Amino acid sequence: MTRRVNGIEVVEQEGTLRATVLAPAKLNLLLAVGAPREDGYHELVTVMQTLDLTDRIDVDIDLWESDAIDVLVEAPGVPGGDTLVTRGVEELLRRIGTGVRVWITIEKEIPVGGGLGGGSSDAATALRTVHELLGAPLEEAQLVEIAASLGSDVPFFLLGPGSTAVATGRGELIEQVEPVPPRPWLLAFPNTHQSTAAVYGAYDPTVSRGLPADADAALRLARARDKRNDLAAAARAASPEVDRLMTAFADAGGEPVVCGSGATVAVPLASHSDRVAFEGVATTAVPGCWLRVAWTTAPATDDIG
Ligand code: C5P
């Protein structure tokens, strides 16, 4: 039997619930970073936007009663398996107080370690899906708390595909805003994984231009042609490939931006010939780099209102 639970299509069969959902990547249209705080995290203001580049997540829940919480995650291509997803769903089941078996399979499309938020998105999407399938017993604030404990940008992805938000604090305080119009970007990932902690560690806050005062100021900066990412210098210093891609796209007349802490570089496209030209530029700068066109996404029409 197939039914819809809070917008998720669920197949119920022989005591199992099964759903397939998409976990979107994100782009930071603004990433303004301040000084490190006492807890070691940097205060920041960022505008995050989902893309139509997605991982596919299959969730199976065994409804037969079980004494134990049993979460099995398969994520081919993710070094060490997807521990964020496992930790998140285990914590969810502990808080609900239910012993069930959950199987999750993740088919990766979003590069790992690319600054596109793939791991965080998988964790938030799995958390949201398992929660909805079990009848949504927790308050939203509890889901946000679990998400924030997994990583600073995990709460954003609880909003789901087609979302735009201004995030503050260490990135976990989310204000959802009007979606930006759909627009294509070329993503170039040089297959070199970048450590978020290392890039933040190398960031020099004395060169920061200060944090925008409020969400409106952040959105004005996010709409500017020249996108601001305060981590760009540290990301370029950490990776010669990121540096080469940034230089090559700019020399070719583009306005490239480092995605999060890298190592993906994104450049907006105005036309199909732009796409062909920038793909050539990227391949010359970093032979063999992963290339994909992704669109910023507005919500699906049946999600609005
Ligand atoms: O929150 P998350 O686990 O994704 O952060 C990874 C690392 O990035 C942190 O351990 C910290 O070194 C750095 N970070 C930071 N300031 C932030 C977010 C992340 O310094 N606002």
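Everything quoted here is computed from the prediction, not taken from an experiment.

What to know about the overall build of the protein
Consideration 1: The helix and strand inventory of the protein stands at nine helices and 12 strands.
Consideration 2: Its C-alpha atoms give the protein a radius of gyration of 20 Å, within 12% of the compact-globule value 19 Å for 305 residues.
Consideration 3: C-alpha atoms of the protein, sized along the principal axes, occupy 60 × 45 × 40 Å.
Consideration 4: Counting across all 305 residues of the protein, residues that qualify as buried make up 51%.
Consideration 5: Long-range pairs, those at least 24 residues apart, make up 73% of the contacts in the protein between residues at least 6 apart in sequence.
Consideration 6: In the protein, which carries 24 positive and 42 negative side-chain charges, the distance between the mean positions of the two groups comes to 5 Å.

Looking at the packing of aromatic side chains
Consideration 1: Under the criterion given, the structure shown has two aromatic pairs.
Consideration 2: Here phenylalanine 156 and phenylalanine 157 contribute two aromatic rings whose centre-to-centre distance is 5.1 Å and whose plane-to-plane angle is 70°, an arrangement assigned as edge-to-face.
Consideration 3: Ring centres of phenylalanine 249 and phenylalanine 278 lie 5.6 Å apart, and the angle between their planes is 80°; this geometry places the pair in the edge-to-face category. You can see phenylalanine 249 sitting in helix H8 (residues 240–251) and its partner phenylalanine 278 sitting in helix H9 (residues 272–285), a full 29 residues away along the chain.
Consideration 4: Phenylalanine 249 gets classed as buried once you look at its relative accessible area, which sits at 0%.
Consideration 5: The positively charged end of arginine 170 is found above the aromatic ring belonging to tyrosine 41, 4.9 Å away from the centroid.
Consideration 6: Directly above the aromatic system of tryptophan 185 lies the positively charged group of arginine 183, at a separation of 5.9 Å from the ring centroid.

Let's talk about the domain arrangement of the protein
Consideration 1: Split by domain assignment, the protein resolves into domain 1 (2–177) and domain 2 (184–295).
Consideration 2: Using only C-alpha atoms to locate each centre, domain 1 and domain 2 end up separated by 25 Å.
Consideration 3: Regarding the contact of domain 1 and domain 2, the summed buried area is about 2500 Å², with carbon and sulfur atoms giving 69% of it.
Consideration 4: It is Leu29, Leu31 and Val33 that lose the most area in domain 1 upon contact with domain 2, and together they represent 20% of the buried surface on that side.
Consideration 5: Where domain 1 meets domain 2, there are one salt bridge.
Consideration 6: The residue arginine 292 makes a salt bridge to glutamate 109 at a minimum N-O spacing of 3.3 Å.
Consideration 7: Inspection of the domain 1/domain 2 interface yields 12 residue pairs in polar contact (both at pLDDT 80 or more).
Consideration 8: Elements that contribute at least two residues to the side of domain 1 that touches domain 2 include exactly strand S3 (16–36), strand S4 (42–62) and strand S8 (173–177).
Consideration 9: Of the residues forming the side of domain 1 that touches domain 2, the biggest block, 11 residues, is contributed by S3.
Consideration 10: Its residues assigned to classes, the side of domain 1 that touches domain 2 shows 18 nonpolar, seven polar and five charged.

Describing helix H3 (residues 140–150)
Consideration 1: Taken together, the buried positions of H3 are occupied by Leu143, Ile146, Ala147, Ala148 and Leu150.
Consideration 2: Looking at the buried residues of H3, the elements they touch are helix H1 (83–96), helix H2 (118–133) and helix H4 (154–157).

Regarding the site of the ligand
Consideration 1: Taken together, Gly40, Tyr41, His42, Leu44, Gly151, Ser152, Arg170, Thr196, Ala197 and Tyr200 make up all the residues around the ligand.
Consideration 2: For the ligand, an oxygen atom lies 2.7 Å from a polar atom in the side chain of histidine 42.
Consideration 3: Within the contact set of the ligand, a nitrogen atom lies 3.0 Å away from a backbone nitrogen or oxygen of arginine 170.
Consideration 4: Within the complex, 73% of the 450 Å² of free accessible area of the ligand lies under protein.
Consideration 5: Here the shell around the ligand gets three residues from one element, more than from any other, and that element is helix H5 (residues 196–202).
Consideration 6: Residues of the shell around the ligand, tallied by class, amount to four nonpolar, five polar and one charged.
Consideration 7: If you count residues domain by domain, the shell around the ligand takes at least three from each of domain 1 (2–177) and domain 2 (184–295).

Observations concerning the nonpolar core
Consideration 1: By size, the foremost hydrophobic cluster in this structure holds 53 residues, and its most contacted members are Leu187 and Phe249.
Consideration 2: Per element, the largest residue contribution to this core is seven residues, and it comes from S3.
Consideration 3: If you count residues domain by domain, this core takes at least three from each of domain 1 (2–177) and domain 2 (184–295).
Consideration 4: Residues contacting leucine 187, with those up to four places away along its chain left out, are Leu27, Leu51, Leu53, Leu116, Thr264, Val265, Ala266, Trp290, Leu291, Arg292 and Ala294.

What to know about the sheet that holds strand S10 (residues 257–258)
Consideration 1: Taking strand neighbours across the sheet as the criterion, the four strands line up as S10-S11-S9-S12 in an open arrangement whose pairing is antiparallel. Either end of the sheet is taken by a strand with one partner, and the two such strands are S10 and strand S12 (290–295).
Consideration 2: Looking at chain direction, strand S9 (residues 184–189) and strand S11 (residues 265–268) are connected through four bridges and run antiparallel. Paired with tryptophan 185 across the two strands is proline 268, which belongs to S11.
Consideration 3: Strand contacts of H8: S9, S10 and S11, with the helix running at about 15° to S11, the strand carrying the most contacts.

What counts and what doesn't
- Residues numbered from 1 in each chain as written.
- Predicted model: local features only at pLDDT ≥ 70, side-chain atom pairs only at ≥ 80, totals over all residues.
- Heavy atoms only, no water.
- Helix = DSSP H or I, 4+ residues; strand = E, 2+ residues; numbered from the N terminus.
- Rg over C-alpha atoms; globule rule 2.2 N^0.38 Å.
- Buried < 20%, exposed > 50% of the residue type's maximum accessible area, 1.4 Å probe, protein only.
- Contact = heavy atoms within 4.5 Å.
- Lys, Arg positive; Asp, Glu negative; His and termini not counted.
- Charge placed at Lys NZ, Arg CZ, Asp CG, Glu CD.
- Phe/Tyr/Trp six-rings, centres within 6.5 Å; stacked < 30°, edge-to-face > 60°.
- Lys NZ or Arg CZ within 6 Å of the ring centre and 35° of its normal.
- Domains from an automatic or database assignment.
- Buried area = accessible area lost by both parts, 1.4 Å probe.
- Salt bridge = Lys/Arg side-chain N within 4 Å of Asp/Glu carboxyl O.
- Polar contact = N/O pair within 3.5 Å; in protein donor to acceptor, adjacent residues only side chain to side chain.
- Nonpolar A, V, L, I, M, F, W, Y, C, P; charged D, E, K, R; others polar.
- Near = heavy atom within 4 Å.
- Areas by Shrake-Rupley, 256 points an atom, 1.4 Å probe, with all protein chains shown as cover.
- Core = buried A, V, L, I, M, F, W, Y, C linked by side-chain atoms within 4.5 Å.
- Pairing = 2+ DSSP bridges.
- Axes fitted to C-alpha atoms, helices over the stretch in contact; angles between N-to-C directions.

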